[in-house]
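# Tertiary structure, described
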Amino acid sequence: MSTIRPLDLSHLLLQSILSEKDWAIDATVGRGYDTSFLCHLLPKGRLFAFDIQKDALDQAKDRVKNVSTTIDWIEDSHANFSSYLAPYEGQIAAIVYNLGYLPGGDKAITTTVASTLESVAQGLHLLRSGGLMTIMVYPGHPEGAREKDALISYCRTLSQDKVDVYCYQALNQMNQPAFLLALQKK
Ligand SMILES: C[S@@+](CC[C@H](N)C(=O)[O-])C[C@H]1O[C@@H](n2cnc3c(N)ncnc32)[C@H](O)[C@@H]1O
């Protein structure tokens, strides 16, 4: 059996809660690997796909050109979820973040503490009861290290009556390994 890495676990969790007609958000589309994974779980569902980079969205569109999921491509920051999704508050089954910069792309274009925290707060309102938010965090670069600290501090403030927060992290690896935060709304 191969190791279950944090990204693998996020996919296993999403697989366990999503049904084919559900609605979900890919908050950081990038090259569309998560987008593609979500579309296969939601053949009759709807996916809101956010990225601030047109190039990333174009690559992702190409990756999912044969899927049946309804996809709303949104070239904007996930900090602006509410502008697009306020009418759907409480209806979203899952929100997926893969933070940081596009691998092989411009490392200066990265998720940031301010926009990530704003987005997560808005996202928790959008999730339905039992809905899941997965956040892959990459603390091996400077803004990622700041996101790690800010997200952990923020998650500790969330009431356990409203949301369960879990962290899946290697404790015996060097070089600030990536880790998963999983938030499930009650
Ligand atoms: C690590 S990559 C995502 C990888 C992607 N999930 C995949 O499967 O290929 C991070 C992405 O987040 C995007 N991004 C950065 N800041 C953002 C923001 N405020 N809102 C939405 N996307 C953002 C970047 O443009 C980049 O494409």
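To keep things clear, this report deals only with the structure shown in the data block. In every chain, residue numbers begin from 1 and rise along the written sequence. Totals for whole chains, interfaces and linings use every residue, but because this is a predicted model, local features are given only for residues with pLDDT of at least 70 and side-chain atom pairs only at 80 or more, for both listing and counting. Hydrogens are left out, water is left out, and the side-chain values use all remaining heavy atoms of the structure.

### Comments concerning the site of the ligand
Around the ligand, the surrounding shell holds 22 residues, and the nearest of these are Thr-28, Asp-34, Asp-51, Gln-53 and His-78. Polar contact criterion, stated in full: a pair of N or O atoms within 3.5 Å, where within protein one must be able to donate a hydrogen and the other to accept it, and residues adjacent in sequence count only if both atoms are side-chain atoms. In this structure, Arg-31 approaches the ligand through a main-chain N or O atom, which is 3.0 Å from an oxygen atom. Taking Asp-34, its side chain carries an N or O atom lying 2.8 Å from a nitrogen atom of the ligand. The accessible surface values rely on the Shrake-Rupley method and a 1.4 Å probe; as for residues, cover is taken only from the protein chains in view. Notes on the ligand: free accessible area 600 Å², of which the protein chains cover 95%. For the ligand, the cavity whose grid points lie within 2 Å of the majority of its atoms is the largest pocket. The residue makeup of the shell around the ligand, split by class, is 7 nonpolar, 11 polar and 4 charged. Here a residue is near a molecule or strand as soon as one of its heavy atoms is found within 4 Å of it. In this analysis, the protein atoms alone were mapped onto a 1 Å grid. Cavities are point sets where a 1.4 Å probe fits without being able to get out; pockets are open sets with protein on both sides within 12 Å along at least five of seven lines; lining residues have an atom within 4 Å of a point. Assignment of a molecule to a cavity or pocket requires that more than half of its atoms lie within 2 Å of the corresponding grid points. Under the grouping applied here, Gly and all other residues not named as nonpolar or charged are polar, the nonpolar ones being Ala, Val, Leu, Ile, Met, Phe, Trp, Tyr, Cys and Pro and the charged ones Asp, Glu, Lys and Arg.

### Here we look at the pattern of salt bridges
Think of a salt bridge as a Lys or Arg side-chain nitrogen and an Asp or Glu carboxyl oxygen that are within 4 Å of each other. Under the counting rule described, the total for this entry stands at 7 salt bridges. Between Asp-72 and Arg-46 there is a salt bridge; the shortest N-O distance is 2.9 Å. Of this pair, Asp-72 sits in strand β3 (residues 70-75) while Arg-46 sits in strand β2 (residues 46-51); the two residues are 26 residues apart in sequence, bridging distant segments of the chain. Among the salt bridges present, the one from Lys-54 reaches Asp-58, with a minimum N-O distance of 2.8 Å. One end of the pair is Lys-54 and the other is Asp-58, both in helix α3 (residues 54-63) and 4 residues apart, which spans about a single turn. Starting at the N terminus, helices and strands are each numbered in turn, a helix being any DSSP run of H or I of at least four residues and a strand any DSSP run of E of at least two.

### Quick word on the sheet that holds β2
Sheet strands associate in pairs through backbone hydrogen bonding, adopting either a parallel or an antiparallel arrangement. Two strands pair under a simple rule: DSSP has to find at least two bridges between them. Sheet architecture is open: 7 strands sit in the order β3-β2-β1-β4-β5-β7-β6, paired in mixed fashion. Two strands close off the open sheet at either side, each with one partner strand: β3 and β6 (163-168). Pairs of neighbouring strands in the sheet enclose a mean axial angle of 15°, with direction left out of account. One ladder, built from 6 bridges, connects β6 with strand β7 (residues 179-185); its direction is antiparallel. Within the sheet, the bridge partner assigned to Asp-164 lies in β7 and is Gln-184. Contacting β4 (92-98), β5 (127-137), β6 and β7, helix α1 (residues 6-17) crosses the sheet at an angle of about 165° to β5. Working rule for contacts: check all heavy atoms of both residues, and any pair within 4.5 Å makes them a contact. To get an axis, a line is fitted to the C-alpha atoms, and for a helix only the part in contact is used. The angle between two axes follows their N-to-C directions and goes from 0 to 180 degrees. In this fold helix α2 (residues 33-41) packs onto β1 (23-26), β2, β3 and β4, with an angle of close to 170° to the strand it touches most, β1.

### Thoughts on the side chain of Arg-46
Of note is the side chain of Arg-46, whose polar atom sits 2.9 Å from the side chain of Asp-72. Once you skip the residues sitting within four places of it in the chain, Arg-46 turns out to touch Asp-22, Trp-23, Ala-24, Thr-69, Thr-70, Asp-72 and Tyr-88.

### Considerations on empty space enclosed by the protein
Grid points are joined across faces, edges and corners, and a volume is the space filled by probe spheres set on the points. Under the counting rule described, the total for this entry stands at 1 cavity of 30 Å³ or more. Volume-wise, the largest cavity comes out at about 30 Å³. Within the residue set of the lining of the largest cavity, elements represented by two or more residues are α1, β4 and β5. Tallied by class, the residues present in the lining of the largest cavity amount to 6 nonpolar, 3 polar and 1 charged.

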